[in-house]
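# Structural overview
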Amino acid sequence: MTEAAGRPRVLVTRRIPDAGLERVLAATRADLWDDELPPPRDELLRRVAGVDGLLSLLTDQVDDELLDAAGPQLKVVSNFAVGFDNVDVPACTARGIPVGNTPGVLTETTADLAFALLMAVARRLTEGYDYVRADRWLTWGPMLLMGSDIHGGTLGIVGFGRIGREMAKRGSGFGMRILYHDVQRATAEDEAALRAEPAGLETLLAESDFISLHTNLSPETQHLLDAAAFRRMKRGAIVINTSRGPVIDHDALAEALRSGHLGGAGLDVTEPEPMRADHPLLSLPNCLVVPHIASASHATRARMAEMAADNLLAGVAGERLPTPVNPEVYDRPPAA
Ligand code: DGY
């Protein structure tokens, strides 16, 4: 047997930065789906058959069908993202398969983008840019493109995990009052350090000038912001989403923007993804949409690639993943 033949077989469903990919290619027999678009479902099911490890992206659905197609030798699913709503984690756990994600390394980068969206929508940057490009700038105007002040505003953060807390720091730096809502209350020390006040969701919606979503997608958070939630918000409030698209009901959002009740929205994530150019939200000047790029800095994507490689290589070696999302998988009795 050649040396290469003894290496584990893995499927990598898209080219990721070299910082992680090169190690994977060196240590495994890797099948790399090297295309700009994700593998079509039938291709994914075909290629996953017989692999020891899967390096997946949030565009791949990892479910029972895929796990069946892979076969019982599959030892690890390493997801190149901190979010893992594309992976049926209980199904993996039931089969004894650890699932890895990339927490921690994208926290600040994601909060930077969330705050950039907040600033861009509040101060109408894209509208201003379109105005100049359309050659409509004829003079200085006393009431031209007036927006909302960020300083002195109230920032409501829904989901006060790592990224939500980084968002709080950015808001505090701009002199904002910070409210947060989370199922778990932060410690008194963290609240003091971040100058953040806990609030029920209804209070947060009613009192915030800016509402930024940093929650996981789950059955509880699906369409958390619906028509009723938008009605509770202040007139002129601005909504920012860098979590997952389905946390917002997009029809209700479009209506709240169209009616003028909401001041604007900045979305890094949408439902569905990708959002097509003829989507009603894209016809609204106060809705800024970018294509799920919150973690897309060179340095952060390289660190995500390293972590995804670490999880994949540990898993195929039968070692504990550095960052498993289902650590309970290691408490299971070994198969008889
Ligand atoms: C994640 O990691 O979950 C982001 O959505 C993409 O970086």
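Residues numbered from 1 in each chain as written. Predicted model: local features only at pLDDT ≥ 70, side-chain atom pairs only at ≥ 80, totals over all residues. Heavy atoms only, no water.

## Points about the pairing of strand β4 (residues 76-79)
Going residue by residue along β4, you find Val 76 and Ser 78 tucked away on one face and Val 77 and Asn 79 tucked away on the opposite face as well. Pairing between strand β3 (residues 53-56) and β4: four bridges, direction parallel. Paired with Ser 56 across the two strands is Asn 79, which belongs to β4. Note on the crossover from β3 through helix α3 (residues 64-70) to β4: the handedness is right-handed. Alignment of β4 against strand β5 (residues 99-100), held across two bridges, turns out to be parallel. (Buried < 20%, exposed > 50% of the residue type's maximum accessible area, 1.4 Å probe, protein only. Helix = DSSP H or I, 4+ residues; strand = E, 2+ residues; numbered from the N terminus. Pairing = 2+ DSSP bridges. Right-handed = clockwise from strand over helix to strand, strands pointing away.)

## So, the pairing of β3
Burial along β3 is two-sided: Gly 53 and Leu 55 facing one way and Leu 54 and Ser 56 facing the other are all buried. Sheet analysis places strand β1 (residues 9-12) next to β3, joined by three bridges and oriented parallel. The residue of β3 that forms the bridge with Leu 11 is Leu 54.

## A word on the site of the ligand
Surveying the vicinity of the ligand reveals the residues Leu 58, Ala 81, Val 82, Gly 83, Leu 106, Arg 244, His 292, Ser 295 and Met 304. A distance of 2.7 Å is found between an oxygen atom of the ligand and a backbone nitrogen or oxygen belonging to Val 82. A distance of 2.7 Å separates an oxygen atom of the ligand from a polar atom in the side chain of His 292. Residues belonging to the shell around the ligand are distributed by class as follows: five nonpolar, three polar and one charged. (Near = heavy atom within 4 Å. Polar contact = N/O pair within 3.5 Å; in protein donor to acceptor, adjacent residues only side chain to side chain. Nonpolar A, V, L, I, M, F, W, Y, C, P; charged D, E, K, R; others polar.)

## Observations regarding the nonpolar core
By size, the foremost hydrophobic cluster in this structure holds 27 residues, and its most contacted members are Leu 225, Phe 230, Met 233, Leu 253, Leu 262 and Leu 281. Of all the secondary structure elements, the ones that give two or more residues to this core are α9 (201-207), β9 (210-213), α10 (227-232), β10 (237-241), α11 (250-258) and β11 (262-267). Counting residues per element, this core draws most heavily on α11, at five residues. When neighbours within four sequence positions are excluded, Phe 230 is seen to be in contact with Leu 225, Val 239, Ile 248, Asp 249, Ala 252, Leu 253, Ala 256, His 261 and Leu 262. (Core = buried A, V, L, I, M, F, W, Y, C linked by side-chain atoms within 4.5 Å. Contact = heavy atoms within 4.5 Å.)

## Comments concerning helix α5 (residues 107-122)
Taking 1.5 Å of rise per residue, the 16 residues of α5 would be expected to cover 22 Å, and the 23 Å separating its terminal C-alpha atoms lies within 8% of that figure. Taking burial as the measure, the 16 residues of α5 include twelve buried ones, the bulk of the element. Within the span of α5, buried status applies to Thr 107, Thr 109, Thr 110, Ala 111, Leu 113, Ala 114, Phe 115, Leu 117, Leu 118, Ala 120, Val 121 and Ala 122. Looking one or two residues past α5, Arg 124 carries a phi angle of roughly 55°, positive in sign. (Expected span 1.5 Å × (residues − 1).)

## Some points on the domain arrangement of the chain
One can read the domain layout of the chain as domain 1 (4-104 + 298-331) and domain 2 (107-289). Every contact between the two is made by seven residues of domain 1 and, on the other side, six residues of domain 2. Buried area between domain 1 and domain 2, both sides added, is near 540 Å², and the carbon and sulfur share of it is 43%. It is Asp 85, Gly 104 and Thr 300 that lose the most area in domain 1 upon contact with domain 2, and together they represent 65% of the buried surface on that side. Seen at the junction of domain 1 and domain 2, the total is one salt bridge. Notably, a salt bridge pairs Arg 244 with Asp 85, separated by 2.8 Å at the nearest N-O pair. On the surface where domain 1 and domain 2 come into contact, there are three residue pairs in polar contact (both at pLDDT 80 or more). (Domains from an automatic or database assignment. Buried area = accessible area lost by both parts, 1.4 Å probe. Salt bridge = Lys/Arg side-chain N within 4 Å of Asp/Glu carboxyl O.)

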